[in-house]
Structures are given as C-alpha cells and as structure tokens.
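Single-letter residue listing:
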Amino acid sequence: MPADRPDALPAARRPHRLAGGQPGLLAPGATTDPYRLRLYRLLRTDYPLGYDPGLGAWLLSRYADVALALTDPRFTGYPHDGAPRGRAPVPLGLCRGSLVCVPSAAAYRAAEPAVERTAYVLARRIAGRDRADLVADFCRWLPAGAAAAAAGRSYPDLSTGPRGALHRRTGGRPGDCAGPTALREHALASFLANMLDDPDLLAAATAGEGAATLLGRAWAETLRRDPPVQIVLRRTRTEVAVSGGTLPADAPVACLIGAAGRDPARFGAPDRFDPLRPDADPLLIGPAGCPAALLGRLEAEHGLRALLTAMPGIRWADGFRPAAGGLLTRGPRTLLVRPS
C-alpha cells in the first residue's frame, strides 16, 4: 500500500496533523516558554499522540506514556541524540546515559570538600556587591569547580577569565556525564530560583535536624517541576500502544519530560513547587547513582548554604522576577539579587 495514502498511516497520526490543530513543538514562541503558552497542557489533553514533522518524531506528553517509553524494553535509545541502546541508562535529568560513566558514590563524596570550598569562595566574592547575577557569577562557575574535583584535577583557578576556557580545563573524559557542566548550571539556577522565591522554605532547609533531607527533596522537586532537559528521544523496537493510538515500529519518539512532570493525572497541583509533596516520583529525575546527578545535588546543597552564610540577607533585586527559558534545555538566564 503506498505510504502517501491516508489509510496507510498509523491510526494515531491521522487525526493529529498540524493542519488539524496540533501545535508544533518548534512553533514561534514555544521554544521560549511552552508552559506559559500552555503548549504542554494542550498536547496532554487534546493530542496525547501526534507526529511533529518539524522535530521528526512522535510526541508523548502524558506521564504514563513517557514513563512507559523510559522503562519498557520495547523502546531503545535514539542514535541522533547520542542515547545508548540496550541496558545503558536512559539520558534523563542530569544523566547523559554515557556508556563510559561508572557510578561511584565514594568518588563523588571525596569531591565534596572541593565543591564546598568552591561554593564559599564564589559566595564571598559576590557578598560585597550591591547587585549580582547568580547565573553568571555563581551557577556557571560552581559546576566547573566540581568537575575539576571529580576528574582528579587540581583546584580550579577562579580568577576572572573565559568561561569556556575553564570548562575545557576541568572537563572529564569524553562521554563522561560529569564532564559537561551546562545542564548542571541550568539545574542549579532553577533550584536557587525556587528556593529564593520562598523565604519560609529557605529558612527551614538551612536550619535544624531535617535541613539536609529537605534540601534533597527540594532538589528532586526542582528536577520534576523545572527539568533542565525537557525532551528525551527514544525509538520503538516494535509497535506500542499508548494514549491516543499506536506508535509504529522503528519510530523516533520525543518524550516531553517537561509536560510529563506537570501532568495533573500523576501529580497534585503540578505547577506548584512543593518539596514535601506526597506524590514525589524519582523516575523523571534520572538515575540516582549517576556521577552528574551526584555532583548536581552536592552543588545545589553546598551552593545554597554558601550563599546564605556569606549573604544572610540575600533577596531578589528590586523589580526582578526569575523566569526560565528554552525548550530542549531550560533554566533561568539571569538571577539578579541584592546580596544584602
């Protein structure tokens, strides 16, 4: 049967053409803020399965479908995004799914002193200013220092200099999750934005016996609500039934992590940042033992503590409100604060 005939197309694709109302993922404005445009909400409710020709992939936006694609053996890695095939970790959260990464909690606990020291050096440097941008002055430097420590290199030089040069000096082995730091920058910026937005939560997370636990939950909640990677690509091995129809075999599939993490069918009040939510789910934050995930949590916890120690009165600059941007990867571009 000729492929260009309508009845030759998979059943799920026919009613969900862009011309029929399905929003394109790469449509103007979508790459800036798919949440504000309600793009993810529209896809979840009206187009749970559809083909996006601009992206060249089938879109899955509901939590149940995304969870299936991330865990079911009928799906495998998609070669164009560097995802591994077979039993290797799925690239998710801060994990890039590298085949050469060897998770080692002991190795990254050993890096903790350097992460803590780097955070305090950066925080003290910011403390004397009238105004600072935490993205440019803190989030971009702290992961680079952590990467140097994880790679066994000497303590990085934090003197002013090109960000790219520091990254080249501190990067890990090729393909190592812990080497590239851009995703950790986005995640750290989102974490700081969420915490600084809630003074009561900030106070509770930095004092008392349960502070460390609350910080860990706040970090995990950030990765659910504001994932640094919004889309994970997979491929079907065979036909798979999902919401809205059936995915064909050997088809590229775009798992919309940003949409699944805010699916009201899975999470209560999904747009609210709530580290104490009873329906927390570790699936969407990636493998807990990934080197990048371990470093990311260290950077978030020690970074926040260092900022509050050096600047106990830190607050948003007058008139500033944090706003994230991006579709494939996402995070605040600036975090303007008054250190005191």
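Rules of the game
Residues numbered from 1 in each chain as written. Predicted model: local features only at pLDDT ≥ 70, side-chain atom pairs only at ≥ 80, totals over all residues. Heavy atoms only, no water. Helix = DSSP H or I, 4+ residues; strand = E, 2+ residues; numbered from the N terminus. Buried < 20%, exposed > 50% of the residue type's maximum accessible area, 1.4 Å probe, protein only. Contact = heavy atoms within 4.5 Å. Areas by Shrake-Rupley, 256 points an atom, 1.4 Å probe, with all protein chains shown as cover. Pairing = 2+ DSSP bridges. Core = buried A, V, L, I, M, F, W, Y, C linked by side-chain atoms within 4.5 Å. Axes fitted to C-alpha atoms, helices over the stretch in contact; angles between N-to-C directions. Expected span 1.5 Å × (residues − 1). Phe/Tyr/Trp six-rings, centres within 6.5 Å; stacked < 30°, edge-to-face > 60°. Left-handed = near helix turned anticlockwise from the far one by under 90°. Nonpolar A, V, L, I, M, F, W, Y, C, P; charged D, E, K, R; others polar. Salt bridge = Lys/Arg side-chain N within 4 Å of Asp/Glu carboxyl O.

(A) Looking closely at the overall build of the protein. Secondary structure assignment for the protein yields 12 helices and 12 strands. Classification of the 340 residues of the protein by burial places 53% in the buried group. The contacts in the protein between residues at least 6 apart in sequence include a share of 69% that link residues at least 24 apart. When the accessible surface of the protein is summed, it comes to about 14900 Å², and 54% of that surface belongs to carbon and sulfur atoms.

(B) View of the pairing of strand β5 (residues 231-236). Across the 6 residues of β5, 6 count as buried, placing the element largely inside the fold. Of the strand pairs in this sheet, strand β3 (residues 75-77) and β5 are connected by 3 bridges, and their pairing is antiparallel. Each bridged residue has a counterpart across the sheet, and for Thr76 the counterpart in β5 is Arg235. Pairing geometry for β5 and strand β8 (residues 252-256), over 5 bridges, is antiparallel. Counted as the bridge partner of Ile231 is Leu256 from β8.

(C) Highlighting the environment of Thr334. Positionally, Thr334 belongs in the loop between β11 (331-332) and β12 (336-338). Judged by its relative accessible area of 34%, Thr334 is partly exposed. Those residues in contact with Thr334, other than ones at most four positions away along the chain, are Asp133, Val135 and Phe320.

(D) Layout of the nonpolar core. By size, the foremost hydrophobic cluster in this structure holds 77 residues, and its most contacted members are Leu134, Phe138, Phe191, Leu192 and Met195. Excluding its chain neighbours within four sequence positions, the residues that come into contact with Met195 are Leu201, Leu202, Ala205, Leu215, Ala218, Phe273 and Leu304. Core analysis: the second largest hydrophobic core is formed by 15 residues, Ala30, Leu59, Leu233 and Ala259 among them.

(E) How the structure looks around the sheet that holds strand β4 (residues 132-133). Within the open sheet, the 3 strands sit side by side as β4-β12-β9. Their pairing is antiparallel. Each of the sheet's edge strands pairs with one partner strand only, and the pair in question is β4 and β9 (315-316). Here β4 pairs with β12 via 2 bridges, running antiparallel. Among the inter-strand pairings, Ala132 is bridged to a residue of β12, identified as Val337.

(F) Spotlight on the sheet that holds β3. Spatially, the 5 strands line up as an open sheet ordered β1-β2-β8-β5-β3, and their pairing is mixed. On the outer flanks of this sheet lie β1 (49-52) and β3, each paired with one strand and no other. In this sheet, adjacent strand axes meet at a mean angle of 40° when their direction is disregarded. With 3 bridges connecting them, strand β2 (residues 57-60) and β8 associate as parallel partners. Note that in β8 the partner of Leu60 across the bridge is Cys255.

(G) Molecular detail of helix α12 (residues 291-310). Taking 1.5 Å of rise per residue, the 20 residues of α12 would be expected to cover 28 Å, and the 28 Å separating its terminal C-alpha atoms lies within 8% of that figure. Buried residues dominate α12, accounting for 15 of its 20 residues.

(H) Fine view of unusual backbone geometry. The phi dihedral of Asp250 falls on the positive side, at around 55°, and the residue is not glycine. Structurally, Asp250 can be placed in the loop between β7 (245-247) and β8.

(I) Expanded view of the packing of aromatic side chains. Scanning all chains against the criterion turns up 5 aromatic pairs. Arranged with centres 5.7 Å apart and planes meeting at 85°, the rings of Tyr63 and Phe267 form a pair that is edge-to-face. A residue pair is termed long-range when its members are at least 10 positions apart, and Tyr63 in helix α2 (residues 63-71) and Phe267 in the loop between α11 (257-260) and α12 qualify at 204 residues. Take Tyr63 and Phe267: they sit in the same class, and that class is buried.

(J) Region of the structure containing the packing of helix α4 (residues 112-127) against α12. Packing of α4 against α12 leaves a shortest axis separation of 8 Å and a crossing angle of 35°. Helix-helix and strand crossings are classified by hand; for α4 and α12 the assignment is right-handed. Here Glu112, Val115, Glu116, Ala119, Tyr120, Ala123, Arg124 and Ala127 of α4 lie close against α12, whose contacting residues are Leu295, Leu298, Glu299, His302, Gly303, Arg305, Ala306, Leu307, Thr309 and Ala310. Classifying every residue of the contact of α4 with α12 gives 10 nonpolar, 3 polar and 5 charged.

(K) Region of the structure containing the environment of Leu328. Within the secondary structure, Leu328 is located in the loop between β10 (324-325) and β11. Those residues in contact with Leu328 that sit more than four places away from it in its chain are Pro228, Val229, Gln230 and Ile231.

(L) Representation of the pattern of salt bridges. The full count for this structure, using the stated rule, is 16 salt bridges. The residue Asp33 makes a salt bridge to Arg330 at a minimum N-O spacing of 3.1 Å. One end of the pair, Asp33, is in the segment before α1 (39-46); the other, Arg330, is in the loop between β10 and β11, and 297 residues separate them in sequence. Across the pair, exposure class does not vary: Asp33 and Arg330 are buried alike. As a salt-bridge pair, Glu301 and Arg297 come within 2.6 Å of each other at their nearest N and O atoms. Remark: Arg297 and Glu301 occur in helix α12; sequence separation between them is 4 residues, near one turn of the helix. In this structure Glu301 comes out as buried when scored by relative accessible area, which is 10%. For Arg297, a relative accessible area of 38% corresponds to the partly exposed category. Salt bridges sharing common partners tie together Glu221, Arg224, Arg277 and Asp279.

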